[in-house]
Amino acid sequence: MTHEQARHNAQPAVISADHIAQWHRDGFLHIPGFLREDQLAELVEWVEEISQLADGENDVLQHYELTADGARICRSEHLIEHHDGLRQLITGPDMLAMAKDLLGEPAVLYKEKINYKLAGGAGFAPHQDAPAYPFVATHLTCMIAVDAATETNGCLEMVPQRHGEVLPLNEQGCIREDLAATMAWQPTPVQAGDLLWFHSRAPHRSGPNSSASDRRALFCTYNAAAEGDRRSSYYETKLTRFAEETAGPTTRVSLIGDFQGTAPSAQQIAAYRSGQPHNSQPEES
Ligand SMILES: O=C(O)CCC(=O)C(=O)O
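All values reported here derive from a predicted model rather than from experimental measurement.

S.K.: Before we go on, may I ask you to explain empty space enclosed by the protein in this structure?
M.R.: If a probe the size of a water molecule is rolled over the atoms, the empty space left behind becomes visible. Going through the model one piece at a time under the given rule, you end up with three cavities of 30 Å³ or more. The volume enclosed by the largest cavity comes to roughly 110 Å³. Lining the largest cavity are 15 residues, with Asn115, Phe124, His127, His204 and Phe219 sitting closest to its centre. Only β4 (107–115), β5 (124–127) and β10 (204–206) provide two or more residues apiece to the lining of the largest cavity. Split by residue class, the lining of the largest cavity holds five nonpolar, four polar and six charged. Lining the second largest cavity are Arg75, Lys111, Lys113, His127, Gln128, Asp129, Ala132, Tyr133, Ser254, Ile256 and Asp258. Residue composition of the lining of the second largest cavity, grouped by class: three nonpolar, three polar and five charged.

S.K.: Help me understand the pattern of salt bridges in this model?
M.R.: For side chains bearing opposite charge, pairing can occur when the charged atoms are close. Summed over all chains, the structure comprises 11 salt bridges. Between Arg87 and Asp84 there is a salt bridge, and its shortest N-O distance comes to 2.4 Å. In this pair, Arg87 and Asp84 are both assigned in helix α4 (residues 84–91), three residues apart and thus about one turn of the helix distant.

S.K.: Is there a simple way to explain the sheet that holds strand β6 (residues 139–145) in this structure?
M.R.: Strand pairing in a sheet relies on backbone hydrogen bonds, with the paired strands running either antiparallel or parallel. Strand order across the open sheet formed by seven strands is β1-β9-β6-β11-β4-β3-β2, with antiparallel pairing between neighbours. Both edges of this open sheet fall to β1 (28–31) and β2 (61–67), since each of them pairs with a single strand only. Direction aside, neighbouring strands of the sheet carry axes that sit 20° apart on average. Bridge count for β2 against strand β3 (residues 70–77) is seven bridges, and the pairing is antiparallel. Its bridge partner being in β3, Glu65 is matched across the sheet by Arg72.

S.K.: When you look at the packing of aromatic side chains in this model, what are you seeing that I'm missing?
M.R.: In this description, a pair of aromatic rings is defined by centroid distance and the angle of the planes. Evaluation of the coordinates by the stated rule reveals eight aromatic pairs. Seen from their ring centres, Tyr110 and Tyr133 are 5.5 Å apart, and the 50° between their planes marks the pair as tilted. Here Tyr133 lies in the loop between β5 and β6 and Tyr110 lies in strand β4, a separation of 23 residues in the sequence. Residue Tyr133 is classed as buried on the basis of its relative accessible area, which comes to 3%. Relative to Phe219, the ring of Phe198 lies with its centre 6.4 Å away and its plane at 80°, an arrangement referred to as edge-to-face. Within this pair, whereas Phe198 is found in strand β9 (residues 195–199), its partner Phe219 is found in strand β11 (residues 217–224), the two being separated by 21 residues in sequence. Put simply, the rings of Tyr110, Tyr133, Tyr234 and Tyr235 pair up and form one aromatic cluster. Over the aromatic face of Phe219 sits the side chain of Lys113, whose NZ or CZ is 5.1 Å from the ring centroid.

S.K.: Help me understand the nonpolar core, please; the structure alone is not making it clear to me.
M.R.: Nonpolar side chains in soluble globular proteins generally cluster together in the buried interior. Counting residues in hydrophobic clusters, the biggest one holds 43 residues, and the most contacted among them are Leu43, Leu86, Met95, Ile144, Trp197, Leu218 and Tyr222. Excluding residues within four positions of it along the chain, Leu86 makes contact with Leu43, Trp46, Ile50, Leu79, Ile80 and Leu218. In this structure, Ala149, Met158, Leu196 and Phe198 belong to the second largest nonpolar core, which totals 13 residues.

S.K.: Which parts of the structure should I look at to understand the pairing of β6?
M.R.: The buried count for β6 comes to seven of seven residues, which makes it a mostly enclosed element. With burial as the criterion, each face of β6 is covered, one bearing His139, Thr141, Met143 and Ala145 and the other bearing Leu140, Cys142 and Ile144. Alignment of β6 against β11, held across seven bridges, turns out to be antiparallel. The residue bridging Cys142 from the neighbouring strand is Cys220, located in β11. In this sheet, β9 lies alongside β6 in antiparallel orientation, the contact comprising five bridges. Counterpart to Met143 in the pairing with β9 is Leu196.

S.K.: Please explain unusual backbone geometry as it appears in this structure.
M.R.: Across the chain, the bulk of peptide bonds are trans and the bulk of non-glycine residues have phi less than zero. One non-glycine residue, His78, lies in the positive phi region at around 60°. Here His78 falls in the buried class, since its relative accessible area comes to 15%.

S.K.: Could you clarify how one ought to interpret the pairing of β2 in this entry?
M.R.: Looking along a regular strand, one sees side chains alternate from face to face of the sheet. Of all seven residues in β2, six are buried, a share of seventy percent or more. The turn joining β2 and β3, which pair antiparallel and follow one another in sequence, is formed by two residues.

Parameters at a glance
Residues numbered from 1 in each chain as written. Predicted model: local features only at pLDDT ≥ 70, side-chain atom pairs only at ≥ 80, totals over all residues. Heavy atoms only, no water. 1 Å grid on protein atoms, 1.4 Å probe; cavity = no way out; pocket = protein on both sides within 12 Å on 5 of 7 lines; lining within 4 Å. Points joined across faces, edges and corners; volume = space filled by probe spheres on them. Helix = DSSP H or I, 4+ residues; strand = E, 2+ residues; numbered from the N terminus. Nonpolar A, V, L, I, M, F, W, Y, C, P; charged D, E, K, R; others polar. Salt bridge = Lys/Arg side-chain N within 4 Å of Asp/Glu carboxyl O. Pairing = 2+ DSSP bridges. Axes fitted to C-alpha atoms, helices over the stretch in contact; angles between N-to-C directions. Phe/Tyr/Trp six-rings, centres within 6.5 Å; stacked < 30°, edge-to-face > 60°. Buried < 20%, exposed > 50% of the residue type's maximum accessible area, 1.4 Å probe, protein only. Lys NZ or Arg CZ within 6 Å of the ring centre and 35° of its normal. Core = buried A, V, L, I, M, F, W, Y, C linked by side-chain atoms within 4.5 Å. Contact = heavy atoms within 4.5 Å.

Right, dumping it as structure tokens:
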């Protein structure tokens, strides 16, 4: 089935026995054509709305990076407090059912974020998510592609069959460079509206966006409900740790140092924000 046919026929997602076998074998699972065209168009609108909020507005946390064209948004997180559409998508029955089928037990939302990787945006060093996600042993993440992700614009690269353990880490909490250099990285391109589920110990990385167009994706992370609802604790811990640290040369988006984007100054962020449509001054009549 082509991607277009898959999207046209999209049904409430059902995880098959084949999916579960692939998931256990590889530690990740690509499901093409999950969103219908109308659902994808709505998601694009929501992502645009979220991107224009100020840091802290509607409880959304915003992060920026410096590209050759100046500051650009690189991540929004903590999205669902004031956004009914995103909350229904991320915590709705389809996503929770898939998370339950893959995890083998009922799941609860742990965290959610948008990675923008706009044209010129930076990539992510080889890492596993587990060291960045405290309080629970097992999590899984679903990337919902907002734009097509390709090798040119920085799609995820996965290493199959290496999700059994947390690997040796470097000082940033990422996979040690000597080990990462020996691993079988598999570029995993996706179309807009596809899902890519991955285990929190599945090694992954991604390159910069060296194309002229944006590569946005929504990432929803879940953990076993039996391990508790840890979303508030995760964000409290993250904000506390970020507040304690002195700013470094890269933009801090995670409890590990996986993101490779350069941190812009407050002035560069302000200049970018003043050019965003939401913040432009109304035209004089
Ligand atoms: O968005 C990407 O390219 C990589 C995302 C990722 O690995 C992360 O946010 O931990």
